[in-house]
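Listed below are the residues making up each chain.
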Amino acid sequence: MKILLLGSGELGKEFTIAAQRIGQTIIAVDSYENAPAMQVAHGFEVINMLDGEALDRIVSKHNPDFIVPEIEAIRTERFYDYEKQGITVVPSAKAANFTMNRKAIRDLASKELGLKTAKYQYATSAEELQKAVGEVGIPCVVKPLMSSSGKGQSTIKTEGDILKAWEYAVGGSRGDVIEVIVEAFVDFHSEITLLTITQNNNPTLFCAPIGHRQERGDYQESWQPALVAEKDLYEAQDMAEKITEALGGAGLFGVEFFLTNEGVYFSELSPRPHDTGMVTLAGTQNFNEFELHLRAILSLPIFEITLEKAGASAVILASENSQSPTFTGIEKVAALPKTDFRIFGKPTSRPYRRMGVVLSHDSLSTPINEVAERAKETAKLITVNS
């Protein structure tokens, strides 16, 4: 099969490797040359994926069997036309279109499906944001409707933060939608990602829950299995199944939840492998998240997903701008037991850009907090140099 991969970052790179292993053809697309997935794909294209005509042109040129989005900044309304042409959009045109915009997915979850979410409002100007904050209350979180990896996300703690939050959100927005969502702050004790796999002719499956910690709206560490009360896990699985069924199609979804003393709150959803799910590269499961996504896409039956090890991931971040970043400390990590790492191969760096990940694993009897702490401390051994 020929797969057109829209977005070629580290998640796309691991997906491409998984696809290559079972003989699929990948054309990697991104807005810049030498993106990570391009380095391992059969071919590549460099375009602005918000340019609908450019997107149409490469779809017509390559005539793929599947279109697999990896990022948000895509003219996703074109996906409906591609489906009519007989191309499978992953997981579906509806899923990709809805989840590329926080407004569509939040309204689906809250208003149509009745899932428990934080109280929220929308705003298209600084004045509307002021009013929305008054409705939602302080503290609250502001996010662009179209963004990823925490870009443009901030927390309003005082009224003096409102204008700064608006300007930051607009600056971090992807695409041409200048609108934000304002969410009431949820008093949660933990966050989890529930990797949910929908299949064409088989039941929906769930991976063991993944815990994660964020800074600046972007994940810093993740661990699997997260310690979740049985009733909370069932509630999260029920919510995940409802919303993925409503979106349709086959593939892996990363569904995020807040766990609180009052129960489980739906947070966000990505219709593709999730950054927190990179922990599965530590061998925590019989199939990692990229293999699961691929198998579901190709309608290869997945008999079961088994938890094999306790594992954790911790990101390697850049601290400076560089056109040719290098790394030191890799040999120290390589010398450690039950440890692995990935360097993504991004051609440039900037402050807080994710350049790699450290992976740690141990037996299932090992306390997960110990495995997570080991990954966190190990990641500090690698330095990104300008």
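Parameters and conventions
Residues numbered from 1 in each chain as written. Predicted model: local features only at pLDDT ≥ 70, side-chain atom pairs only at ≥ 80, totals over all residues. Heavy atoms only, no water. Helix = DSSP H or I, 4+ residues; strand = E, 2+ residues; numbered from the N terminus. Rg over C-alpha atoms; globule rule 2.2 N^0.38 Å. Buried < 20%, exposed > 50% of the residue type's maximum accessible area, 1.4 Å probe, protein only. Contact = heavy atoms within 4.5 Å. Lys, Arg positive; Asp, Glu negative; His and termini not counted. Charge placed at Lys NZ, Arg CZ, Asp CG, Glu CD. Pairing = 2+ DSSP bridges. Axes fitted to C-alpha atoms, helices over the stretch in contact; angles between N-to-C directions. UniProt positions renumbered as here; feature names shortened; annotations may be inferred. Salt bridge = Lys/Arg side-chain N within 4 Å of Asp/Glu carboxyl O.

### Describing the overall build of the protein
At step 1: Counting secondary structure elements, the protein contains 11 helices and 20 strands.
At step 2: What you see for the protein is a C-alpha radius of gyration of 20 Å, in line with the 21 Å of a compact globule of 386 residues.
At step 3: Taken along its principal axes, the extent of the C-alpha atoms in the protein is 50 × 50 × 45 Å.
At step 4: In the protein, buried positions account for 57% of the 386 residues.
At step 5: A separation of at least 24 residues holds for 62% of the contacts in the protein among residues at least 6 apart in sequence.
At step 6: The distance from the centre of the 38 positive side-chain charges to the centre of the 51 negative ones in the protein is 2 Å.

### Remarks on the sheet that holds strand β7 (residues 140-144)
Backbone-to-backbone hydrogen bonds join strands into a sheet, with any given pair of strands oriented parallel or antiparallel.
At step 1: The strand order β6-β9-β7-β8 describes an open sheet built from four strands, whose pairing is antiparallel. Looking at which strands have only one partner, the edges of the open sheet turn out to be β6 (120-123) and β8 (154-156). The mean angle between the axes of side-by-side strands here comes to 30 degrees, regardless of whether they run parallel or antiparallel.
At step 2: Strand direction decides the pairing type here: β7 and β8, joined by three bridges, are antiparallel. Counterpart to V142 in the pairing with β8 is S154.
At step 3: Strands β6, β7 and β9 (180-184) of the sheet are contacted by helix α5 (residues 102-112), whose axis makes an angle of about 150 degrees with β6.

### Considerations on the sheet that holds strand β5 (residues 88-89)
At step 1: Reading across the sheet, the five strands line up as β3-β2-β1-β4-β5 and stay open at both edges, with parallel pairing between neighbours. Only two strands of the sheet have a single partner each, and these edge strands are β3 (43-46) and β5.
At step 2: Here strand β1 (residues 2-6) runs beside strand β4 (residues 66-69); their pairing, made up of four bridges, is parallel. Within the sheet, the bridge partner assigned to L4 lies in β4 and is I67.

### Re the UniProt feature "binding site: Mg(2+)" (unreviewed entry) in the protein
At step 1: Taking the numbering used here, the UniProt-annotated feature "binding site: Mg(2+)" (unreviewed entry) corresponds to E256 and E268.
At step 2: Note that E256 resides in strand β14 (residues 251-260).
At step 3: Tracing the backbone shows E268 in strand β15 (residues 263-270).
At step 4: Its relative accessible area of 19% is what places E268 among the buried residues.
At step 5: Not counting the four nearest positions on each side in its chain, E268 is found in contact with R102, K143, G254, V255 and E256.

### Remarks on unusual backbone geometry
At step 1: Cis geometry is adopted by the peptide bond preceding P139, which originates at I138 and carries an omega value of 5 degrees.
At step 2: Along the chain, the position of P139 falls in the loop between α6 (126-136) and β7.
At step 3: Look at the link from Q224 to P225: it is a cis peptide, with omega at 5 degrees.
At step 4: Looking at the secondary structure, you find P225 in the loop between β13 (218-224) and α8 (230-247).
At step 5: One non-glycine residue with positive phi stands out, namely N34, at about 65 degrees.
At step 6: Residue placement: N34 occurs in the loop between β2 (25-30) and β3.
At step 7: For N34, a relative accessible area of 43% puts it in the partly exposed group.

### Topic: the side chain of R353
At step 1: Position of R353 among the secondary structure elements: in the loop between β18 (339-343) and β19 (354-362).
At step 2: No salt bridge is formed by the buried R353, whose closest oppositely charged neighbour, E10, lies at an N-O distance of 6.7 Å.

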